[in-house]
Amino acid sequence: MEPAATQVRVGDVVVLTDAAQNRVSQNHSMWNEDLRPCTLAEHSWSGTKFAALWIGMCLCLPTYSLASGMIALGMNWWESVLTIFTGSAIVLGAILLVSHAGTKYGIPYPVFARLWFGTRGAHIPALARAVIAAGWFGINSWFGGQALDAILLRILPVWHTLSVHLALAFAIFWAINVAIAMRGPQAIGRLTQIAAPTLALGAIALLAWAASSAGGFGPMLSTPAKIHGPVFWAAFYPSVVGVIAFWATMALNIPDYTRYARTQRGQMLGQALSMPLTMALFSFVGIAVTSATVLLFGTALWNPVELIVKFPTPVVILAGIIVILSSVTINVGANVMAPARAFENLWPKHITFAIGAILTGLLSLAMQPWYVLATFATYIFTWLGTYGAMLGSFDGIAIADYWLVRKRRLDLAQLYTPDGIYSYAKGFNVRAVLALAIGWGVALLGLAVPALRFLWNGGWAFSLLGGLLAYWLLMRGERSTISEESEEPVSKLAASEA
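What you are looking at is a predicted structure, and each value in this text was computed from that prediction instead of being measured.

Moving on to a nonpolar patch on the surface. There is a patch of nonpolar side chains on the surface, built from Met182, Ile355, Ile358, Leu359, Leu362, Leu365, Trp370 and Tyr371 and spanning about 660 Å² of accessible area. Secondary structure elements with two or more residues in the nonpolar patch: α18 (353-366) and α19 (369-372). Broken down by element, the nonpolar patch gets its largest block of residues, 5 residues, from α18. Note that leucine 362 resides in helix α18. Leucine 362 gets classed as partly exposed once you look at its relative accessible area, which sits at 47%.

Structure, rendered in structure tokens:
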């Protein structure tokens, strides 16, 4: 079917015509300022902006804990770094595949989900992503609350007398996060520019301390692996999947960021050259320092706050401030946008970004971050493994729809039309729901059948493949696809200006 020239292509991006925008913007149930497609002027992010985005997101305490926790599992330093890099490189592939849609059409994730689940069914993947983001919001808030508690314990003697001092510190820090998030991602723009280099300097200082205290990098990194053969592979396999799951959320809502990209090449290079390398380098810091704690304290301190409190008071205060700064930045930058937009998408006329941020904060409490971070096994195997299996099927469906079913062609105006071609059956694409169930079923089979446990341990990958293949087969002959001949016209004037 033909889109009747409601959109034009300018270089790598597609934008609505003025007439089409004026028409579909009247659909208040599907359109507001946060959900609308980008204008040509808003496609302004260069590749360096995406590199800076990923560096800022990778330099966070969950990355440190993910990497250093592998020492607690019994790996040596290079096995841990290899695990982190392998998982990061694999998930990058999914991230780049989904990034293309955001760049080309300038749409946020909840609107992109309308394409494959339907105009109303899109709430299913949007809210699934929101739940995971709220979990990460809680995890970062718990890190920050622990850091705030450590500072207050050192500078306020009366703080010791409060039996609930940690819970109170967490509540204070959580409230600060929600208050800042309510003002939107732009409110933390300047703080983001400070936070990433500050945390990088803090990591270098921590690495220097560890090397000095442990007698150099040789002794620090000489801790041998405690697991070998089948036992190593039994830990390596789910750990790689855990690393993949760590960023599986971004493989879904990366259009929230790439919608602002100037070119496909710029966003792809910016992401590919920054994410895996930054993850590997910062992971090395966490791994090296944790290895040093084994030599110095006789146990692997994979939670950085547990290590911070062993220093003198001035160091505790400085390091605590860095942890707090990092936690606030990553929360507002990466863990609020997706759920807030998902809540907005439920009722665009009445739910604002600020209300979405409050709902995200409340949902994060229900995710019980204190339990998730109780042990490393809970963190990587229960938390990362479970939600990775859940999100994998969504990732597979998104990739199959955009690349295999529609071949990167869609009618932008119809995504904002209540009874348009992407409404399917009363707003739901039942085939997407069935493909989702099949993808989940493949992973869950590993829980039901002991001999197939590898399916659950590799939940994200098998759930993705199951969802991708099922959706592709179920959507054969889909009538809402657009032929190459009827693709959007090129704006010659705008193209020459670009």
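Right, let's get into the nonpolar core. If you look at the biggest cluster of nonpolar residues, it comprises 131 residues, and the most contacted ones within it are Trp116 and Trp247. In terms of residue count, helix α20 (residues 376-405) provides more of this core than any other element does, 11 residues in total. Contacts of tryptophan 247, omitting those with residues within four sequence positions, involve Trp54, Met57, Cys58, Val91, Ile95, Met275 and Met279. Phe137, Val178, Ala340 and Phe353 belong to the second-largest nonpolar core, a separate cluster that totals 9 residues.

Here we take up the pairing of strand β1 (residues 7-10). Alignment of β1 against strand β2 (residues 13-16), held across 4 bridges, turns out to be antiparallel. Its bridge partner being in β2, valine 10 is matched across the sheet by valine 13. Remark: 2 residues form the turn of the hairpin made by β1 and β2, two consecutive strands paired antiparallel; glycine 11 in that turn has positive phi of roughly 65°.

In the structure shown here, the tally under the stated rule is 4 salt bridges. With its nearest N and O atoms 2.7 Å apart, the salt bridge here joins glutamate 42 to arginine 36. The exposure class assigned to glutamate 42 is partly exposed, which follows from its relative accessible area of 26%. Accessibility expressed as a relative area gives 11% for arginine 36, which makes it buried. Of the charged contacts, one joins arginine 406 and aspartate 401 as a salt bridge, the two residues approaching to 2.8 Å between their closest N and O atoms. Looking at aspartate 401, the relative accessible area reads 0%, which means it is buried. Salt bridges here are not isolated pairs; linked through shared partners, they connect Glu33, Arg36 and Glu42.

Inspection of the entire model under this criterion finds 21 aromatic pairs. A ring pair is formed by phenylalanine 112 and tryptophan 116, whose centres lie 5.4 Å apart and whose planes are at 80°; its orientation type is edge-to-face. Within this pair, phenylalanine 112 and its partner tryptophan 116 are both found in helix α5 (residues 109-117), separated by 4 residues, close to a single helical turn. The residues phenylalanine 112 and tryptophan 116 share a single accessibility class, namely buried. Taken together through their ring pairs, the aromatic side chains of Tyr109, Phe112, Trp116, Phe117, Phe394, Tyr402, Trp403 and Trp440 make up a single cluster. The ring of phenylalanine 297 is capped by lysine 310, whose NZ or CZ atom sits 5.0 Å from the centre of that ring.

At lysine 407, a residue that is not glycine, the phi angle is positive and equals roughly 55°. Within the secondary structure layout, lysine 407 lies in the loop between α20 and α21 (430-448). For lysine 407, a relative accessible area of 44% translates into the label partly exposed.

What follows deals with helix α7 (residues 165-181). With 17 residues, α7 extends 24 Å between its outermost C-alpha atoms, agreeing within 8% with the 24 Å of an ideal straight helix rising 1.5 Å per residue. Those residues of α7 lying buried are His165, Ala169, Phe170, Phe173, Trp174, Asn177, Val178 and Ala181.

So, about the packing of helix α6 (residues 123-155) against α7. Packing of α6 against α7 leaves a shortest axis separation of 7 Å and a crossing angle of 125°. Between α6 and α7, the crossing angle belongs to the class labelled oblique. Of the two elements, α6 crosses α7, and the hand of that crossing is right-handed. Here α6 contributes Phe137, Gly138, Asn140, Ser141, Trp142, Gly144, Gly145, Gln146, Leu148, Asp149 and Leu153 to the contact with α7, which in turn contributes His165, Leu166, Ala169, Phe170, Ile172, Phe173, Trp174, Asn177 and Val178. Classifying every residue of the contact of α6 with α7 gives 11 nonpolar, 8 polar and 1 charged.

A few words on the side chain of threonine 63. Relative to the helices and strands, threonine 63 is located in helix α3 (residues 61-73). Here cysteine 58 takes part through its backbone oxygen, which lies 2.9 Å from a polar atom of the side chain of threonine 63. The contact partners of threonine 63, leaving out residues within four places of it in the chain, are Met57, Cys58, Phe246, Met279, Phe282 and Ser283.

If you check α18, its first and last C-alpha atoms are 20 Å apart, about what 14 residues at 1.5 Å a residue would give, namely 20 Å. Buried residues of α18: Phe353, Gly356, Ala357, Thr360, Gly361 and Ser364, and no others. Angularly, the buried residues of α18 cover 145° about the axis, an arc narrow enough to put them on a single face. Just past α18, the residue glutamine 368 takes up positive phi, approximately 50°.

What follows concerns the packing of α6 against helix α17 (residues 337-346). Remark: α6 packs on α17, axes separated minimally by 8 Å, with the N-to-C direction vectors making an angle of 145°. Once α6 is placed against α17, the crossing between them reads as left-handed. Contacts between α6 and α17 involve His123, Ala126, Leu127, Arg129, Ala130 and Ala133 on the former and, on the latter, Ala338, Pro339, Ala342, Phe343, Asn345 and Leu346. Residue composition of the contact of α6 with α17, grouped by class: 9 nonpolar, 2 polar and 1 charged.

Checked against the element boundaries, glutamine 7 lands in strand β1. For glutamine 7, the side chain forms a polar contact with the main-chain oxygen of leucine 410, separated by 2.9 Å.

Turning our eyes to something else, we now look at the environment of threonine 299. Considering the arrangement of structural elements, one finds threonine 299 in the loop between α14 (275-297) and α15 (304-308). The class of threonine 299 is partly exposed, set by a relative accessible area of 41%. Sequence separation between threonine 299 and glycine 138 is 161 residues; the distance between their C-alpha atoms is 26 Å. Beyond its immediate sequence surroundings of up to four residues, threonine 299 is in contact with Thr293 and Val294.

Thresholds, definitions, all that
Residues numbered from 1 in each chain as written. Predicted model: local features only at pLDDT ≥ 70, side-chain atom pairs only at ≥ 80, totals over all residues. Heavy atoms only, no water. Patch = residues over 30% accessible without salt bridge, like charges linked within 9 Å, V, L, I, M, F, W, Y side chains within 5 Å. Areas by Shrake-Rupley, 256 points an atom, 1.4 Å probe, with all protein chains shown as cover. Salt bridge = Lys/Arg side-chain N within 4 Å of Asp/Glu carboxyl O. Helix = DSSP H or I, 4+ residues; strand = E, 2+ residues; numbered from the N terminus. Buried < 20%, exposed > 50% of the residue type's maximum accessible area, 1.4 Å probe, protein only. Core = buried A, V, L, I, M, F, W, Y, C linked by side-chain atoms within 4.5 Å. Contact = heavy atoms within 4.5 Å. Pairing = 2+ DSSP bridges. Phe/Tyr/Trp six-rings, centres within 6.5 Å; stacked < 30°, edge-to-face > 60°. Lys NZ or Arg CZ within 6 Å of the ring centre and 35° of its normal. Expected span 1.5 Å × (residues − 1). Axes fitted to C-alpha atoms, helices over the stretch in contact; angles between N-to-C directions. Parallel < 35°, antiparallel > 145°, perpendicular 65-115°, else oblique. Left-handed = near helix turned anticlockwise from the far one by under 90°. Nonpolar A, V, L, I, M, F, W, Y, C, P; charged D, E, K, R; others polar. Polar contact = N/O pair within 3.5 Å; in protein donor to acceptor, adjacent residues only side chain to side chain. Arc of directions from axis to C-beta.

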